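A look at the structure
Here's the letter readout for the chains.
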Amino acid sequence: MKQHWYNYLWIWSVIYFSLGFFNILFAWLGLISFFLPLIFAIGFGNKHFCNRYCDRGQLLRMLGSQKGFSRKRDMPDWLKSRGFRYGFLIFFLLMFANVIYATYLVAGGAREVAEVVTLFWSFRVPWEWASSAAASPWAVQFAYGFYSLMLTSALLGIITMLFYKPRSWCVYCPMGTMTQLICKAKAGGR
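Residues numbered from 1 in each chain as written. Predicted model: local features only at pLDDT ≥ 70, side-chain atom pairs only at ≥ 80, totals over all residues. Heavy atoms only, no water.

A word on the overall build of the protein chain
Per the secondary structure count, the protein chain includes nine helices and two strands. Starting at the N terminus and ending at the C terminus, the protein chain contains elements arranged as α-α-α-α-α-α-β-β-α-α-α. Over its C-alpha trace the protein chain gives a radius of gyration of 17 Å, about what one expects of a compact globule, namely 16 Å for 190 residues. Across its three principal directions, the C-alpha atoms of the protein chain cover 50 × 40 × 30 Å. A sequence separation of at least 24 residues applies to 80% of the contacts in the protein chain between residues at least 6 apart. Each charge class in the protein chain was averaged separately, 19 positive and 6 negative side chains, and the resulting centres sit 17 Å apart. (Helix = DSSP H or I, 4+ residues; strand = E, 2+ residues; numbered from the N terminus. Rg over C-alpha atoms; globule rule 2.2 N^0.38 Å. Contact = heavy atoms within 4.5 Å. Lys, Arg positive; Asp, Glu negative; His and termini not counted. Charge placed at Lys NZ, Arg CZ, Asp CG, Glu CD.)

What about the packing of aromatic side chains?
Each aromatic ring pair is summarised here by two numbers: the centre-to-centre distance and the angle between the ring planes. This structure, assessed with the given rule, holds 30 aromatic pairs. Judged by centre distance (5.8 Å) and plane angle (85°), the ring pair of Trp28 and Trp138 falls under edge-to-face. Placement of Trp28 in the loop between helix H1 (10-22) and helix H2 (30-44) and of Trp138 in helix H7 (residues 137-163) is noted, with a sequence separation of 110 residues between them. We classify Trp28 as partly exposed; its relative accessible area is 30%. You can call Trp138 partly exposed: its relative accessible area is 38%. Pairing Phe40 with Phe49 gives two aromatic rings, centres 5.6 Å apart and planes at 55°, and the pair type is tilted. A relative accessible area of 6% means that Phe49 is categorised as buried. Through a chain of ring-to-ring contacts, three or more aromatic side chains come together here, namely Trp28, Phe34, Phe35, Phe92, Phe96, Trp138, Phe142 and Phe146. (Phe/Tyr/Trp six-rings, centres within 6.5 Å; stacked < 30°, edge-to-face > 60°. Buried < 20%, exposed > 50% of the residue type's maximum accessible area, 1.4 Å probe, protein only.)

Structural notes on the pattern of salt bridges
The tally for this structure, following the rule as stated, stands at two salt bridges. One salt bridge connects Asp74 with Lys165, and the closest N-O pair in it is separated by 2.7 Å. Placement of Asp74 in the loop between helix H4 (55-66) and helix H5 (77-80) and of Lys165 in the loop between H7 and helix H8 (169-172) is noted, with a sequence separation of 91 residues between them. Using a relative accessible area of 53% as the deciding quantity, one classes Asp74 as exposed. For Lys165, a relative accessible area of 40% gives the class partly exposed. The residue Lys80 makes a salt bridge to Asp77 at a minimum N-O spacing of 3.9 Å. Residue Lys80 and its partner Asp77 are both found in helix H5; the two are separated by three residues, about one turn of the helix. (Salt bridge = Lys/Arg side-chain N within 4 Å of Asp/Glu carboxyl O.)

Here is the structure:
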């Protein structure tokens, strides 16, 4: 199978999570992966980013297909259902809103920076070794919250990849659901 340059974008995921491990401020770079799919969908009316250029999708493809870590089974219907996908999107957006709210509280001085990464929105993992020197407290707070969101979604993707097909995460990925909604709206507007 011919390898294209975008098949190696999984390296960005590895770099991103590695950098955030040592300096939490690198978590801000995750906004690239957050906004690019939306820019592609709004600007071009397609899901090319999700289908080709998504670093997470490429990581899951590489681990599941090339390295053989996937069981390559079909996902249960409920995971593919519209209700689950939209429900997960709403949940994800609420968690992102919580990150923004915590950042707002720190910026306003109503709360101290919580130097923890929270996995699966429940499990607090101390992250004190990660440098955050010379940054505003609100910027540090956002970095911890956003890194938590990105790491949790990556772990969900890996878990789904292990049990089902390699890119099963892509079926219910919140960014994929949002880009799909944007593409449908743009197609309906023609």
